[in-house]
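Single-letter residue listing:
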Amino acid sequence: MTRARPVAADFELFERICSGPSGCGGRIMWAKTNASGRTEWLPVDAVPSDRGNVLAYPAPDNPRLLVCDVLATRGPEARRAAGMRADGWLLFTHHRTSCPRADQWARAPKAMRPRPSAFREPPPPAAEPEPEGLF
Ligand SMILES: [Zn+2]
């Protein structure tokens with residue numbers, strides 16, 4: 001099955017502001033990931049980047065939930081990310097790469113995390129998107 005590539009408008013729903021006591025006011029999105037082996041919320045810049053390595057997309061079975069996969073910035077995964085961008089996928093960067101208060105993002109402080117009550121339980125892990133023509 002081929003999933004349609006999300007377009008910029010698909011992400012408007014997820015835009016938030018980097019807020020809190022040391023927020024920078026930048027536009028971010030919170031995306032749920034299992035990249036590290038446990039479920040975490042990642043703050044990513046709301047604007048896609050041509051250096052992006054975070055593949056974020058609305059969960060297939062819950063369009064109000066943003067999920068993401070994090071690709072390595074070196075080696076085969078970096079080439080894969082470049083190929084996906086060339087193929088029209090929007091890739092994002094972790095907000096710590098652009099936030100002037102980057103030191104706070106080593107670990108997202110509790111105050112910056114979305115309240116769990118604001119989200120429904122996540123669906124089963126999203127299937128890996130399979131862009132055509134890359135493999
Ligand atoms: Zn910020």
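Above this text sits the structure in question.
**As for the overall build of the protein**
Helices and strands together make up the secondary structure of the protein, namely 1 helix and 6 strands. For the protein, the α and β elements follow one another from N to C terminus as β-β-β-β-β-α-β. Among the 135 residues that make up the protein, the fraction classed as buried is 27%. Within the protein, contacts between residues separated by at least 24 positions form 64% of all contacts whose residues are at least 6 apart in sequence.

**Some thoughts on the environment of serine 98**
You can see serine 98 is positioned in the segment after β6 (91-92). What makes serine 98 partly exposed here is the crowd of 16 C-beta atoms within 10 Å. When the C-alpha positions of serine 98 and aspartate 45 are compared, they lie 7.7 Å apart, and in sequence the two are 53 residues distant. Contact partners of serine 98, with chain neighbours within four places excluded, come to Gly26, Asp45 and Thr93.

**So, helix α1 (residues 75-86)**
In a regular helix each residue adds 1.5 Å, so 12 residues correspond to 16 Å; α1 covers 17 Å between its end C-alpha atoms and thus fits that length. Following α1 by one or two positions, glycine 88 adopts a phi angle in the positive range, close to 100 degrees.

**Description of the pairing of strand β5 (residues 62-70)**
Where a strand is regular, its side chains alternate between the two sheet faces. Here strand β4 (residues 54-59) runs beside β5; their pairing, made up of 6 bridges, is antiparallel. Opposite valine 54, over in β5, you have valine 70 as the bridge partner. Hairpin connection, β4 to β5: the antiparallel pair is bridged by 2 residues.

**So, the nonpolar core**
Formed by 24 residues in total, the largest nonpolar core has its most connected members in Met29, Ala31, Val44, Val54, Leu55, Ala56 and Cys68. Of all the secondary-structure elements, those providing two or more residues to this core are β2 (27-33), β3 (40-45), β4, β5, α1 and β6.

**Structural notes on the pairing of β2**
Judged by how many residues are buried, β2 sits mostly within the fold: 6 of 7 residues are covered. In terms of strand pairing, strand β1 (residues 15-17) meets β2 through 3 bridges, oriented antiparallel. Within β2, the position partnered with arginine 16 by the bridge is isoleucine 28. Both β2 and β3 contribute to a ladder of 6 bridges, which runs antiparallel. Paired with methionine 29 across the two strands is valine 44, which belongs to β3.

Definitions and cut-offs
- Residues numbered from 1 in each chain as written.
- Predicted model: local features only at pLDDT ≥ 70, side-chain atom pairs only at ≥ 80, totals over all residues.
- Helix = DSSP H or I, 4+ residues; strand = E, 2+ residues; numbered from the N terminus.
- Buried ≥ 20, exposed ≤ 12 C-beta atoms within 10 Å, placed from the backbone.
- Contact = placed C-beta atoms within 7 Å.
- Expected span 1.5 Å × (residues − 1).
- Pairing = 2+ DSSP bridges.
- Core = buried A, V, L, I, M, F, W, Y, C linked by C-beta atoms within 7 Å.

Honestly, that's just the spatial picture; any functional story needs more than this.
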